[in-house]
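Listed below, chain by chain, are the residues.
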Amino acid sequence: YRYLKGEETSTNPMATIYAWTGALRKRGELDQLPDLCTFADRLEKATIATIESGKMTGDLLSLYEGEAIKLNSDDFLDAIAHTLESL
């Protein structure tokens, strides 16, 4: 609801990302599009690598042991995109 009000949010989009990557991978398999399957795999790896590098949303901070940077939802997605570019 905060997002709908135009407010900044810091919620973890991991479930949504994995739902989409799973769907993209399945679509790639059904349509014989190996590049789509590869993209889904790379996006999942980039997401995990971003968290392992200490960049995450506030709801994950309490679960993480080590130094971490709290990002809002949009900045977290940007961090994942940056990590994806480097893979």
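From a predicted model like this one, the values you see are computed outputs, not experimental measurements.

**Some details on a nonpolar patch on the surface**
For step 1, the next point in the chain: Residues Y1, Y3 and L4 make up a contiguous nonpolar surface patch of about 500 Å² in total accessible area.
For step 2, the next point in the chain: Within the secondary structure, Y1 is located in the segment before α1 (14-30).
For step 3, the next point in the chain: What makes Y1 exposed here is its relative accessible area of 81%.

**Structural notes on the nonpolar core**
For step 1, the next point in the chain: Formed by M14, I17, L43, A46, I51, M56, L60, L71, F76, A79, I80 and L84, the largest nonpolar core amounts to 12 residues.
For step 2, the next point in the chain: Those elements giving two or more residues to this core turn out to be α1, α2 (34-52) and α4 (73-86).
For step 3, the next point in the chain: Broken down by element, the residue count for this core peaks at four residues, all from α4.
For step 4, the next point in the chain: With sequence-adjacent residues up to four places away left out, L71 is seen in contact with S10, K55, M56, T57, G58, F76 and A79.

**A closer look at the pattern of salt bridges**
Side-chain pairs of opposite charge can arise whenever the charged atoms involved come near each other.
For step 1, the next point in the chain: On inspection of all chains with the given rule, the structure shows four salt bridges.
For step 2, the next point in the chain: Residue R25 is joined to E44 by a salt bridge in which the shortest nitrogen-to-oxygen separation is 3.0 Å. Of the two residues, R25 is situated in helix α1 and E44 in helix α2; the sequence distance between them amounts to 19 residues. E44 matches R25 in its accessibility class, with the two residues each being buried.

**A short note on a negative patch on the surface**
For step 1, the next point in the chain: A surface patch of negative charge is lined by E8, D74, D75 and D78.
For step 2, the next point in the chain: Locating D75 in the fold gives a position in helix α4.
For step 3, the next point in the chain: The class for D75 is partly exposed, based on a relative accessible area of 37%.

**Concerning unusual backbone geometry**
For step 1, the next point in the chain: Positive phi is not limited to glycine here, since Q32 has a value of about 55°.
For step 2, the next point in the chain: Here Q32 lies in the loop between α1 and α2.

**Section: the packing of α1 against α2**
For step 1, the next point in the chain: Look at α1 against α2: their axes get within 7 Å of each other, and the N-to-C directions meet at 160°. Compared by their axis directions, α1 and α2 come out roughly antiparallel. Read as a crossing pair, α1 and α2 show a hand that is left-handed. Only L36, C37, F39, A40, D41, L43, E44, T47, I48 and I51 of α2 make contact with α1, whose side of the interface consists of M14, I17, Y18, T21, G22, L24, R25, R27, G28 and E29.
For step 2, the next point in the chain: Residues that form the contact of α1 with α2 fall into these classes: 11 nonpolar, four polar and five charged.

What counts, and where the lines are drawn
Residues numbered from 1 in each chain as written. Predicted model: local features only at pLDDT ≥ 70, side-chain atom pairs only at ≥ 80, totals over all residues. Heavy atoms only, no water. Patch = residues over 30% accessible without salt bridge, like charges linked within 9 Å, V, L, I, M, F, W, Y side chains within 5 Å. Areas by Shrake-Rupley, 256 points an atom, 1.4 Å probe, with all protein chains shown as cover. Salt bridge = Lys/Arg side-chain N within 4 Å of Asp/Glu carboxyl O. Helix = DSSP H or I, 4+ residues; strand = E, 2+ residues; numbered from the N terminus. Buried < 20%, exposed > 50% of the residue type's maximum accessible area, 1.4 Å probe, protein only. Core = buried A, V, L, I, M, F, W, Y, C linked by side-chain atoms within 4.5 Å. Contact = heavy atoms within 4.5 Å. Lys, Arg positive; Asp, Glu negative; His and termini not counted. Charge placed at Lys NZ, Arg CZ, Asp CG, Glu CD. Axes fitted to C-alpha atoms, helices over the stretch in contact; angles between N-to-C directions. Parallel < 35°, antiparallel > 145°, perpendicular 65-115°, else oblique. Left-handed = near helix turned anticlockwise from the far one by under 90°. Nonpolar A, V, L, I, M, F, W, Y, C, P; charged D, E, K, R; others polar.

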